[in-house]
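Residues per chain, in single letters:
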Amino acid sequence: MSAGASRRRPAPALAVLLLAGLLVLGGCAALAPAAVGTAAIGAGAGSLVKAGTEYTLGGAAYRTFSAPLAEVYEGVRRTFEDLQITITDERFAGGEVRIHGVAIDRTFTVVLDPVTPALTRLKIVVREMGGLGKDRATAAEIITQAERRIAPYPAAGVRSP
């Protein structure tokens, strides 16, 4: 065995050492193994994830807004109109709002769920028509555009001058 070969570690052994090092740093919440695993998967896919937006393996994108349901609803409707996404159905049930839309080759499903009277969770799934694929990039852009249309609300207990 050459000197260079004895110093190399196989990739699986290096991954195990890295994971063990992270477990030793258990007091550091920013380096929790689950968070590092998610970041590594996202980085491996070559995607940039905006802070506050989460994705599922099923292709759904989630974002929670510090705004009442009515304000987030109006922001999503204006976003759909501005981006020329046709709203095909809206349903209001049990405090939750579902909005379905269609574009040239995509279908859109948005679910708005009030967490509190001043906090609303948005879930969006963008599907490619004729296929099984999900379009996370388009979902992320719709969330970004909706965020721009939702009026900022001050933090609870903060008064403006």
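This text gives an overview of the structure that appears in the document. Since this is a predicted model, take the numbers as computed values, not measurements. (Residues numbered from 1 in each chain as written. Predicted model: local features only at pLDDT ≥ 70, side-chain atom pairs only at ≥ 80, totals over all residues. Heavy atoms only, no water.)

### Re the overall build of the protein chain
Reasoning step 1: Scanning the protein chain from N- to C-terminus turns up 5 helices and 6 strands.
Reasoning step 2: Its helices and strands in sequence order give the protein chain the pattern α-α-α-β-β-α-β-β-β-β-α, from N to C terminus.
Reasoning step 3: Sorting the 161 residues of the protein chain into buried and exposed places 25% on the buried side.
Reasoning step 4: Across the protein chain, the fraction of contacts at a sequence separation of at least 24, relative to all contacts at a separation of at least 6, is 45%.
Reasoning step 5: As displayed, the protein chain has an accessible area near 10600 Å², and 61% of this comes from carbon and sulfur atoms. (Helix = DSSP H or I, 4+ residues; strand = E, 2+ residues; numbered from the N terminus. Buried < 20%, exposed > 50% of the residue type's maximum accessible area, 1.4 Å probe, protein only. Contact = heavy atoms within 4.5 Å. Areas by Shrake-Rupley, 256 points an atom, 1.4 Å probe, with all protein chains shown as cover.)

### A short note on the packing of aromatic side chains
Reasoning step 1: Scanning all chains against the criterion turns up 2 aromatic pairs.
Reasoning step 2: Measuring from centroid to centroid gives 5.7 Å for Tyr73 and Phe92, while their planes differ by 65°, and the two rings are edge-to-face. Of the two residues, Tyr73 sits in helix H4 (residues 69-82) while Phe92 sits in strand S3 (residues 86-93), which places them 19 residues apart along the sequence.
Reasoning step 3: Ring centres of Phe80 and Phe108 lie 5.8 Å apart, and the angle between their planes is 65°; this geometry places the pair in the edge-to-face category. (Phe/Tyr/Trp six-rings, centres within 6.5 Å; stacked < 30°, edge-to-face > 60°.)

### A short note on the nonpolar core
Reasoning step 1: Counting residues in hydrophobic clusters, the biggest one holds 21 residues, and the most contacted among them are Val76, Leu112, Leu122 and Ile124.
Reasoning step 2: Contacts of Leu112, omitting those with residues within four sequence positions, involve Leu69, Val72, Tyr73, Val76, Gly95, Glu96, Val97, Ile99, Thr120, Arg121 and Leu122. (Core = buried A, V, L, I, M, F, W, Y, C linked by side-chain atoms within 4.5 Å.)

### Some details on the environment of Ala60
Reasoning step 1: Examined against the element boundaries, Ala60 turns out to sit in the loop between strand S1 (53-55) and strand S2 (61-65).
Reasoning step 2: Taking C-alpha positions, Ala60 is 9.6 Å from Val110, a pair spaced 50 residues apart along the chain.
Reasoning step 3: Setting aside residues up to four positions removed in sequence, Ala60 forms contacts with Glu54, Tyr55, Lys123, Ile124 and Val125.

### Regarding the pairing of strand S6 (residues 119-128)
Put simply, side chains in a regular strand alternate between the two faces of the sheet.
Reasoning step 1: Pairing geometry for S2 and S6, over 5 bridges, is antiparallel. Among the inter-strand pairings, Tyr62 is bridged to a residue of S6, identified as Lys123.
Reasoning step 2: As defined by bridge partners, strand S5 (residues 106-116) adjoins S6 across 10 bridges and the pair is classed as antiparallel. Following the sheet pairing, Arg106 is matched in S6 by Glu128.
Reasoning step 3: Between S5 and S6, which pair antiparallel and follow one another directly, the connecting turn spans 2 residues. (Pairing = 2+ DSSP bridges.)

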